[in-house]
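This is what each chain is made of:
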Amino acid sequence: MARAVLIKLHLYFSAFFAAAIVLVAVSGGLYLIGIKGSVEQTFVGSLDSGEALLAEPSHAAVEAALVAVGVTDFTFDYVKQSGLRLITRPTTRPYYTLDIADGRVTVQYNEPSIQKRMIELHMGHGPSAYKTYQQFFAAGMLFVMLSGLWLGLSSERLRSTTLITSGSGLLLFAVLVLS
């Protein structure tokens, strides 16, 4: 591949995925300094069908449980089971949790803050279409990193700077991972 074509592809991929890079950096950075967002929960109702729901936590079963407590105008992509809790997904918008204890189901409406929504996107808990986008994003970022490294190493003028910066970054990464 010609160097000029690789530079253009590197630029296009970087520009195309810039919004996702900013989301990941901002949400991850805020999370690491302790700003994790919040979820406002509201009790909706309860049911006596907990054991049956745990036995088959399908989309249809959760939808029927929600209808039984009066939630009729809610759509969700899929259901995530975490122990005795069923969570409608995506969790990047308002969602429901169904907590099962002693055969009873407690249904709660959850409204995440903007920071919590960003973290949920960061962790891959967004809509199904966004999860597909994230797969392309991962491949695109790998291409951007490797093509940038290759472009730096293949330029005689940039080679030593690229080796120093990438080597020091790799060394710091290795030290932090192994410590």
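Before reading on, note that the structure itself is shown above.
What counts as what
Residues numbered from 1 in each chain as written. Predicted model: local features only at pLDDT ≥ 70, side-chain atom pairs only at ≥ 80, totals over all residues. Heavy atoms only, no water. Helix = DSSP H or I, 4+ residues; strand = E, 2+ residues; numbered from the N terminus. Salt bridge = Lys/Arg side-chain N within 4 Å of Asp/Glu carboxyl O. Buried < 20%, exposed > 50% of the residue type's maximum accessible area, 1.4 Å probe, protein only. Pairing = 2+ DSSP bridges. Axes fitted to C-alpha atoms, helices over the stretch in contact; angles between N-to-C directions. Contact = heavy atoms within 4.5 Å.

Right, let's talk about the environment of Ser-166 for a bit. By the element assignment, Ser-166 lies in helix α7 (residues 159-178). For Ser-166 and Gly-152, which are 14 residues apart along the polypeptide, the C-alpha to C-alpha distance reads 9.9 Å.

Turning our attention to the pattern of salt bridges. Overall, the coordinates contain three salt bridges when judged by the stated rule. Linking Lys-116 and Glu-120 is a salt bridge whose minimum nitrogen-to-oxygen distance equals 3.9 Å. In this pair, Lys-116 and Glu-120 both sit in helix α5 (residues 114-122), four residues apart, roughly one turn of the helix. When its relative accessible area of 23% is taken as the criterion, Lys-116 is described as partly exposed. With a relative accessible area of 7%, Glu-120 lands in the buried category.

This part takes up the sheet that holds strand β5 (residues 104-112). What the five strands build is an open sheet, ordered β1-β5-β4-β3-β2; its pairing is antiparallel. Looking at the sheet topology across the chains shown, the edges are occupied by β1 (39-47) and β2 (78-82). Mean inter-strand twist for the sheet, computed between neighbouring axes without regard to direction, equals 25 degrees. As paired elements, strand β4 (residues 95-101) and β5 share seven bridges and run antiparallel to each other. Paired with Tyr-96 across the two strands is Tyr-109, which belongs to β5. Sheet contacts for helix α4 (residues 59-68): β1, β2, β3 (85-89), β4 and β5; angle to β4, the most-contacted strand, approximately 90 degrees.

Any functional reading would require information that these geometric values do not contain.
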